[in-house]
Amino acid sequence: PQDIITYNHPNTIFITLFASLFATAYGFYPLPIRNQRTLRTILYPVLKTSTRTPARAGLVRLYATTPMSNNKYVDIGANLLDERFTEGSYRVKQRHEPDFDIVVQRAYDVGVRRIIMTAGTLEESRYAIKKVREIRQKSKTGDHNDFMKFWCTVGVHPTRCMEFEDAPDAEEHFQSLLELAKLGKQEGIVAAVGEMGLDYDRLEFCPKDIQHKYILKQLALAEATGLPMFLHNRNNDDDLYEVLSSNEDKWASGGGVVHSFDDSADLAAKFIDLGLFIGLNGCSLRTEENLEVVKTLPLDKILLETDCPYCDVKRTHAGYEHVKTQFESKHEKKYEKGKCVKGRNEPCQIVQVAEVIAGVRGIAVDELADACYANSMKLYGWLKEDSNTD
């Protein structure tokens, strides 16, 4: 409202009061994005008489920064450390100012309440912990919104496991990772160990034998901390399953999730039989075969994620017809504050993942969102927290 009040226009107060009364009539319940057209229609007679663009923009800000969904989401895998968010840089070129906070606000607007930032190297793990510390400290001092809860992961991605071999001392490198995971758990910052697993699609970055060596090594992170695993499974047949089933004693207490799952229903069932959850994002929903797999998954074993800035739900994807929520976007070169960047996935777009999954399963988005939120709370041990804090 402050943005509007500062605009000196005859309709400003009326617009503000009308929007406030509209929200009050709905008990301050968030408005779904798809209902914004209704709000625009109701207010059109007022807006068309406004000759000042700022007044109109102010109204947009008013209801764009209000939660727009009754559903709650946990994004269990977001690469928010990516320079596209932290620097506004794309392929080394800076296109706009960092918009991390704007991206977080946009996620909150659609119901995202918790985000786990993923790390894929020792250095990224250190950076992730530092970032979560900074966010929480700013929240305490009032310099940062405290509406969103952040955690992170600690681990080394399978395609980046050569960093152990390239280090002066591989064992010392691993011990540094282990100590970081322990410290992060103690501080309540680290929610999971990973991203770790097997990826045979990109062996040019790390050969199979090295990946196997360090997935086995990193299971010690789960064993030592009791934290869930954030697992990467890509084109390795049943190899990751075999590793996990043969070493179940090391990780069973914390469990885990196979994120960005895009494999067969049979393999999903095997992971689920081990007690693992299945993480779904846009890359899990690309083909008709993917959607058939999604239909077979037990609802109490599905977690939602974006894997942003990757894995968005694209128009070419098989389930795109189920997407109801749209976000206005601009190309990075024409960046406009308050709008998404075309091709850069964000946590807010988790709602589109939920819409596709719910659509193909023939259930309401509310039912899907509630179940997945409860599943996340269970896996990460957050059930004991006061629900009022969300």
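Residues numbered from 1 in each chain as written. Predicted model: local features only at pLDDT ≥ 70, side-chain atom pairs only at ≥ 80, totals over all residues. Heavy atoms only, no water.

1. Structural notes on the overall build of the protein
No. 1: When helices and strands are tallied, the protein shows 16 helices and 12 strands.
No. 2: Counting across all 390 residues of the protein, residues that qualify as buried make up 53%.
No. 3: Taking the contacts inside the protein whose residues are at least 6 apart along the sequence as the reference set, 77% of them involve residues at least 24 apart.
No. 4: Of the accessible surface of the protein, which amounts to about 18100 Å², a share of 50% is contributed by carbon and sulfur atoms. (Helix = DSSP H or I, 4+ residues; strand = E, 2+ residues; numbered from the N terminus. Buried < 20%, exposed > 50% of the residue type's maximum accessible area, 1.4 Å probe, protein only. Contact = heavy atoms within 4.5 Å. Areas by Shrake-Rupley, 256 points an atom, 1.4 Å probe, with all protein chains shown as cover.)

2. What about the sheet that holds strand S4 (residues 112-117)?
Across a sheet, strands are paired by hydrogen bonds formed along the backbone, either parallel or antiparallel in direction.
No. 1: Spatially, the 8 strands line up as an open sheet ordered S1-S4-S5-S6-S7-S8-S9-S10, and their pairing is parallel. This sheet does not close on itself; its edge strands, each paired only once, are strand S1 (73-78) and strand S10 (302-304). With strand direction ignored, the average angle separating the axes of adjacent strands in the sheet is 30°.
No. 2: Judged from the 4 bridges that link them, S4 and strand S5 (residues 149-154) form a sheet pairing that is parallel. Within the sheet, the bridge partner assigned to Ile115 lies in S5 and is Phe150.
No. 3: Here helix H10 (residues 208-225) sits on the sheet in contact with S5, strand S6 (190-199) and strand S7 (229-234), set at roughly 160° to S6. (Pairing = 2+ DSSP bridges. Axes fitted to C-alpha atoms, helices over the stretch in contact; angles between N-to-C directions.)

3. Regarding helix H9 (residues 170-187)
No. 1: Here H9 contains 18 residues, and its C-alpha end-to-end distance of 26 Å stays within 8% of the 26 Å for a straight helix at 1.5 Å per residue.
No. 2: For H9, the N-terminal capping position is held by Asp169, with its side-chain oxygen 3.0 Å away from the main-chain nitrogen of Glu171.
No. 3: Gly188 occupies a position one or two residues after H9 and carries a positive phi of about 75°. (Expected span 1.5 Å × (residues − 1). Polar contact = N/O pair within 3.5 Å; in protein donor to acceptor, adjacent residues only side chain to side chain.)

4. Focus: the nonpolar core
No. 1: Counting residues in each nonpolar core, the largest one holds 88 residues, and the members touching the most others are Leu80, Met117, Phe150, Met229, Leu244, Phe271 and Leu304.
No. 2: If one sorts the elements of this core by residue count, helix H15 (residues 350-361) sits on top with 8 residues.
No. 3: Each residue touching Met117, except ones within four places of it in the same chain, is listed here: Ala78, Leu80, Leu81, Phe100, Ala128, Lys131, Val132, Ile135, Phe150, Trp151, Cys152 and Thr153.
No. 4: By size, the runner-up hydrophobic cluster in this structure holds 15 residues, among which are Ile116, Ala192, Leu303 and Tyr373. (Core = buried A, V, L, I, M, F, W, Y, C linked by side-chain atoms within 4.5 Å.)

5. Topic: the packing of aromatic side chains
No. 1: Under the criterion given, the structure shown has 6 aromatic pairs.
No. 2: Centroid distance Phe261 to Phe271: 6.4 Å. Interplanar angle 90°. Geometry classified as edge-to-face. Of this pair, Phe261 sits in the loop between strand S8 (256-259) and helix H13 (265-273) while Phe271 is found in helix H13, placing the two residues 10 residues apart along the sequence.
No. 3: Taking the relative accessible area as the measure of exposure, Phe261 reaches 3% and is therefore buried.
No. 4: On the accessibility criterion, Phe271 (0% relative accessible area) is buried.
No. 5: In textbook terms, an aromatic cluster arises when at least three aromatic residues are bridged by ring pairs, as seen for Trp151, Tyr380 and Trp382.
No. 6: Above the face of the Tyr241 ring, Lys270 is positioned so that its terminal group lies 5.5 Å from the ring centre.
No. 7: One Lys or Arg, Lys301, reaches over the ring of Phe277 and ends 4.4 Å from the middle of that ring. (Phe/Tyr/Trp six-rings, centres within 6.5 Å; stacked < 30°, edge-to-face > 60°. Lys NZ or Arg CZ within 6 Å of the ring centre and 35° of its normal.)

6. Quick look at the environment of Ser329
No. 1: Relative to the assigned elements, Ser329 resides in strand S11 (residues 329-330).
No. 2: The spatial distance from the C-alpha of Ser329 to the C-alpha of Val341 is 5.1 Å, given a sequence separation of 12 residues.
No. 3: Contacts of Ser329, omitting those with residues within four sequence positions, involve Cys340, Val341 and Lys342.

7. Topic: the pattern of salt bridges
No. 1: As enumerated under the stated definition, the model contains 21 salt bridges in all.
No. 2: Arg84 is the partner of Asp82 in a salt bridge, and the nearest nitrogen-oxygen pair spans 2.8 Å. Judged on exposure class, the residue Asp82 and its partner Arg84 are both buried.
No. 3: A salt bridge links Asp99 to Arg344; the shortest N-O distance between them is 2.8 Å. Of this pair, Asp99 sits in the loop between strand S3 (93-94) and helix H6 (100-109) while Arg344 sits in the loop between strand S12 (340-341) and H15, placing them 245 residues apart in sequence.
No. 4: Under the relative-accessibility criterion, Asp99 is labelled buried at 1%. (Salt bridge = Lys/Arg side-chain N within 4 Å of Asp/Glu carboxyl O.)

8. Side note on the state of the cysteines
No. 1: Per the stated rule, a full pass over the model turns up 1 disulfide.
No. 2: Here Cys283 is linked by a disulfide to Cys311, with a sulfur-sulfur distance of 2.3 Å. Its torsion about the S-S bond being -95°, the disulfide of Cys283 and Cys311 is classed as left-handed. Taken as a pair, Cys283 in the loop between strand S9 (277-280) and helix H14 (288-296) and Cys311 in the loop between S10 and S11 lie far apart in primary sequence, 28 residues in all.
No. 3: Look at Cys283 and you get buried, because its relative accessible area is 16%. (Disulfide = S-S within 2.5 Å.)

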